[in-house]
Structures are given as structure tokens and as C-alpha cells.
Amino acid sequence: MSTPTPAQAIPERNGHGDALARTVSNSFSNSSFGTQELGSSPQASFQSLASSHGTHQRPSTKQLKPFHTGDIKVLLLENVNKTGQDILRKQGYQVEAIKSSLPEDQLIEKIRDVQVIGIRSKTQLTASVLKHAKNLIVIGCFCIGTNQVDLKYAAENGICVFNSPFSNSRSVAELMIGEIIALARQFGDRNTELHNGIWNKVSAGCWEVRGKTLGIVGYGHVGSQLSVLAEAMGMKVIYYDVTNLMGLGLSNQVPTLDHLLQLADFVTLHVPEIPETTNMMSTHQFEQMKKGSYLINASRGSVVDIPALIHASQTGKLAGAALDVYPNEPGGNGAHFTNDLNTWTQDLRDLKNIILTPHIGGSTEEAQSAIGVEVAESLVKYVNFGITSAAVNMPEVTLRSLTMEEPNHVRVVYIHKNVPGVLRKVNEILGDHNVDKQMTDSRGDVAYLMADISNVNTSEIRELWQSLEDLGSRIRTRVLY
Ligand SMILES: NC(=O)c1ccc[n+]([C@@H]2O[C@H](COP(=O)([O-])OP(=O)(O)OC[C@H]3O[C@@H](n4cnc5c(N)ncnc54)[C@H](O)[C@@H]3O)[C@@H](O)[C@H]2O)c1
Ligand SMILES: O=C(O)[C@H](O)COP(=O)(O)O
């Protein structure tokens, strides 16, 4: 059971403490508890989420503003876009934004204190890091991949995780088109040569892409976008995916990865980092590829066995390759890409017609701006209203937000172990009050309940919170508004 400490109590709300009668506290170990008084200063107590950042479909009635948002501490790493920072700052949260990732010891020090963390693909939020994050309620991955977060540990500890599932897909697909042509025409090498003062005009081994076969591995958001663009350039598209998917345009699914490798002139990888995709491209797979074909990896570094790729390049099996991702990547800009990171780095750098890019597949103004908005809005909806829509590790639960017409309500969020009998006990506690609406759902071992109850006074809220906290099934209790 957790007990709120005075240091964690919120003394007043929104700078209008005189309007506040109810006890408020927030952000203590594995629990959040925020309430507000709805009496003399309605303007202080209500705020439209719409007015705060202007991009949602807005309800016409103003929504109730929950607790003192100024107490929410947010740590943003890896240069999260300004669009996202602005949305979070407009809520009144305390936002610290750092351009790079942090070494693990510094990350642990920082993460102890915050309720919200925003990261991109570099920061590893493992169980051993998250166990120090006693106040953390939510993680925002300002990217597509969520492999860098221990999603299960997070859910089991009441930490909700959000990402942006497709805001950078188009940017990756466009980079792939650029790289397919760059490899076919060897213009990476020609460019380097001329920068070094060497004129080397060649046509041998340089090709048009029209009529060539593109093999896409992983036909999801990125793969399917690429499929459309490649066909527009006159390429024949085949794809391999563990799921049976409808091909866009004239593209066709093939039954196995080996089939794809035997047929394709260009192979691009767009699978997630999961155990099944580790070294998915290794010695056997390179042997299956056509002589003089090309490989592009823009998925995750773990998907390609790089020493096997180096061998395939040195023997001429591959005519070229483009890599955007690596098993170990530097923490920030300016770092050196050397054997200190990966033992084979120098061998890779020495190869001809190998394009190396620093994980820039999703790095466009358009993508980063859209991701900033999408993830920050998910964080605000979760922090302020408990809404988990589009969460990647929790059940998706939503209730419409309370409005000015519904004073003296509280919203109860109860994250609990998914074991028999919990709902009966929770409803025994809530049943003493007027439950206006309620929703519950489970995902694996974790369940999420949200209920709006009306006509509640301060002492009842504390009792309610304490009763829920005392249940053995509790993971986290939050009382909002
Ligand atoms: N380089 C970058 O900057 C960048 C940008 C965006 C995404 N990515 C990476 O690309 C990956 C793909 O992105 P997405 O948005 O297309 O993901 P997605 O989830 O939409 O699609 C992934 C596809 O891979 C398939 N798949 C899963 N396991 C497979 C397997 N073993 N064999 C074949 N297919 C398999 C899935 O069924 C799915 O269709 C992401 O997981 C991320 O790691 C990298
Ligand atoms: O998962 C992703 O979206 C990509 O790998 C891009 O990651 P980044 O935001 O760290 O560039």
C-alpha cells in the first residue's frame, strides 16, 4: 500500500488555490491522485483541451481540467520535435528536453523524478531502468518502433506506452526509392570519388530500375507505401510477410523468404525487431540471393548479420547495400562511427557501393512534426484524462471527458492484475457512490478500469482511493479531476 507524502501533495490548482477546497495529492509511488474543487472559480477549474493545442476534433462543451498540471514533470530525450514539446508545455507541465539520449546511469537518475518520459529509437527503457522510475505513469515513443521499451514490464507496473505507428512511413519509403536508384547507379561511390577530386565516368554495373524486381520483406506501413512508389517507377514488386496480406497494385505475395530472395534484384527489409527477425538475413539467406543483387535495411540493426553481409559483398554476391540501422548506434550527433561501436564497422566503411546513413529513415520535417503532435496528444489524453486509445501495451479504454455541466465528479482509473474477482471488489467500493459510466478491458495479465462517479466530496475521494489501493490486485490507482 502506498501513502501520499506531504512533499507530494499538490497545494493548489492552476494558480487559483483560493478556489480549491479539496485535498489534492499526486504522483506518489505507483499511484496518482488528483482532485479539484469546483466552486467559486469555474474558469480556474475548467479548461478546454481544444484550446491548448488546437488539433483535435473538439467537443463543443468545455472539458474539465484535471488536477494541477504544473506538477507533471516530463523528460524528453533524443530531440523530440518542437511540435510535441509545445503541446506538453501548453498543458503547464514542467518539460525538460534534451537533444541526445543519455548514458544509463544518467537516465536512471533523471527517470526517478518524472511522471512522463518521451524517447525515440535509441533510449533503452529496460526493466532494470524502469524499476527506478517510481513516479512514471506513461512513456511516449516519438517514433514507430517500441522494441527499445520493455512493454510487458511497463504494463505490469502500470506504465502506459504510446508510439506513432505510421507518421514516418512515407519518409522511409521515399528514402528507399532514393537508395534503390543510388545503388543501381553507384552514385554514392561516384559522389565520394569526385569529392576526393577523382573523375570516374563508368557505365559498367550501372542499371535502370525499370523492369527490375523489388522484394519487400515485411509488407506493413512502410513496405506497402514502398510497393506503390516502386511500381510507379516500373518495378515489379513481390513481398514476403508472415501475415497473408492483399498486395497493392500489381504486387504479389510470395510464400517464403527464400522464394523472395531467389527472385528479387533489390531486397528491402521492413520487419519489427522481435526474436523471430534476429539475423533474419544471414549466410544462408545471402546464398539464396541473385548474384549482383542489392540489399537495403531500414528496419532494425539486429535483422541483418553484418559480417555475413560483408562477406557477401566481398565475394561479389551483392552488388551493393544500403544500411540505415545498426546493432549499436551512437547516442547523439558528432559521435564517431568506429569499431568501438561494432567490431566490423571499419570493414563496412571500406566496402564499395555500400551506402551508410545514420538512422535517418524517419528523419524529415514532415514526419517529425506529425509524430510530435500525435504522441504528445496521446500523452496529454492519458495524463489528464486516463484515456488509453492507441496504447501499445495496455487495453484501450476511453470515456468521454467530463464537462462543465458535470461538477463534483471524479474519474477513477484503476490498473490491476487480470485475475478473477477483482471487478466485484472494485464495484463494491465504487457501488457506494453514483457511478455515471464505467469501462473496463484487459490485455494479457493487466486490466484497466475507468469510471466516472458523481457527487463526491473530498473525504470520500481519499477513502475511495485508499480502499482501491488496499486491494491485492492493485497495480496503480489514479483519481482525476
Ligand atoms: N529506419 C527508420 O528510421 C525507421 C523508420 C520507421 C520504421 N522503422 C522500422 O521499420 C519497421 C517496420 O515499420 P512498419 O511501420 O512498416 O511496421 P509494421 O508493423 O506496419 O509492418 C511490419 C510488417 O512486418 C511483418 N512481419 C513481422 N514479422 C515478420 C517476419 N518474421 N517475417 C516477415 N514479415 C514479418 C508484419 O506482419 C508487418 O506486416 C519498424 O518496426 C521499425 O523498426 C525504421
Ligand atoms: O522506429 C522508428 O520510427 C524509426 O526507427 C525512427 O527512429 P528515430 O525516431 O529514433 O529516428
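Reading the values: the criteria
- Residues numbered from 1 in each chain as written.
- Chains lettered and ligands numbered in written order.
- Predicted model: local features only at pLDDT ≥ 70, side-chain atom pairs only at ≥ 80, totals over all residues.
- UniProt positions renumbered as here; feature names shortened; annotations may be inferred.
- Helix = DSSP H or I, 4+ residues; strand = E, 2+ residues; numbered from the N terminus.
- Contact = placed C-beta atoms within 7 Å.
- Near = placed C-beta within 6 Å.
- Nonpolar A, V, L, I, M, F, W, Y, C, P; charged D, E, K, R; others polar.
- Domains from an automatic or database assignment.
- Axes fitted to C-alpha atoms, helices over the stretch in contact; angles between N-to-C directions.
- Parallel < 35°, antiparallel > 145°, perpendicular 65-115°, else oblique.
- Left-handed = near helix turned anticlockwise from the far one by under 90°.
- pLDDT = per-residue confidence, 0-100.
- Expected span 1.5 Å × (residues − 1).
- Buried ≥ 20, exposed ≤ 12 C-beta atoms within 10 Å, placed from the backbone.
- Pairing = 2+ DSSP bridges.

Taking an unreviewed UniProt entry as the reference, the protein chain is identified by name as 2-oxoglutarate reductase belonging to Oleoguttula mirabilis. Turning to the protein chain, the UniProt record has this under Function (unreviewed entry): "Catalyzes the reversible oxidation of 3-phospho-D-glycerate to 3-phosphonooxypyruvate, the first step of the phosphorylated L-serine biosynthesis pathway. Also catalyzes the reversible oxidation of 2-hydroxyglutarate to 2-oxoglutarate."

## Observations regarding the overall build of the protein chain
When helices and strands are counted, the protein chain shows 16 helices and 17 strands. Within the protein chain, residue pairs in contact and separated by at least 24 positions form 64% of the contacts whose partners lie at least 6 positions apart.

## Topic: the site of ligand 1
Every one of the 31 residues lining ligand 1 counts as a neighbour, but Gly-218, Gly-220, His-221, Val-222 and Gly-361 are closest to it. Contributions of two or more residues to the shell around ligand 1 are made by helix 7 (169-185) and helix 9 (221-232). Of all the elements, helix 9 adds the most residues to the shell around ligand 1, at 3 residues. Tallied by class, residues from the shell around ligand 1 come to 12 nonpolar, 14 polar and 5 charged. Summarising the domain contributions, the shell around ligand 1 has at least three residues from each of domain 2 (69-167 + 366-372) and domain 3 (169-356).

## Remarks on the packing of helix 3 (residues 82-90) against helix 14 (residues 365-385)
Where helix 3 contacts helix 14, the two axes come as close as 7 Å, and the packing angle between them is 25°. Classed by the angle they form, the pair helix 3 and helix 14 counts as roughly parallel. Crossing of helix 3 against helix 14: the hand is right-handed. Where helix 3 abuts helix 14, its residues Lys-82, Thr-83, Gly-84, Ile-87 and Leu-88 lie against Ser-369, Gly-372, Val-373, Val-375, Ala-376, Glu-377, Leu-379 and Val-380.

## Quick look at the UniProt feature "domain: ACT" (unreviewed entry) in the protein chain
According to UniProt, the feature "domain: ACT" (unreviewed entry) maps to residues 411-481 in the numbering used here. With 31% helix and 46% strand, the stretch residues 411-481 has end C-alpha atoms that lie 6 Å from each other.

## Focus on the confidence of the model for the protein chain
The pLDDT averaged across the protein chain works out to 87; a share of 86% of its residues lies at or above 70. This stretch, residues 1-61, has a pLDDT under 50; its non-local contacts, to residues over four places away or in other chains, come to 127 contacts. Across the whole predicted complex the pTM is 0.88, and at the interface the ipTM reaches 0.99.

## Description of helix 7
With 17 residues, helix 7 should reach 24 Å at 1.5 Å per residue; the first-to-last C-alpha distance of 25 Å fits that figure. Listed in full, the buried residues belonging to helix 7 are Ser-169, Ser-171, Val-172, Ala-173, Leu-175, Met-176, Glu-179, Ile-180, Ala-182, Leu-183 and Ala-184. Where helix 7 ends, the next residue or the one after it, Gln-186, has phi of about 55°, a positive value.

## Points about the environment of Ala-97
On the secondary structure map, Ala-97 appears in strand 3 (residues 94-97). By C-beta crowding, Ala-97 is classed as partly exposed, having 18 other C-beta atoms within 10 Å. Residues contacting Ala-97, with those up to four places away along its chain left out, are Leu-76, Val-80 and Gln-85.

## Points about the packing of helix 7 against helix 9
Two numbers describe a pair of packed helices, the interaxial angle and the distance between the axes. Put simply, helix 7 and helix 9 touch, their axes get as near as 8 Å, and they point 45° apart. Between helix 7 and helix 9, the angle is such that the two are oblique. Relative to helix 9, helix 7 is oriented so that their crossing is right-handed. Listed contacts from helix 9 to Ser-169, Arg-170, Val-172, Ala-173, Met-176 and Ile-177 of helix 7 are His-221, Val-222, Gln-225, Leu-226, Leu-229 and Ala-230. In terms of residue class, the contact of helix 7 with helix 9 is built from 8 nonpolar, 3 polar and 1 charged.

## Examining the sheet that holds strand 11 (residues 293-297)
The strand order 9-8-7-10-11-12-13 describes an open sheet built from 7 strands, whose pairing is parallel. The two strands at the open ends of the sheet, each matched to only one other strand, are strand 9 (252-253) and strand 13 (354-356). With 4 bridges connecting them, strand 10 (residues 266-269) and strand 11 associate as parallel partners. Bridge pairing links Phe-266 to Tyr-294 in strand 11. Relative to the sheet, helix 12 (residues 306-314) contacts strand 11, strand 12 (318-323) and strand 13, its axis offset from that of strand 12 by approximately 145°.

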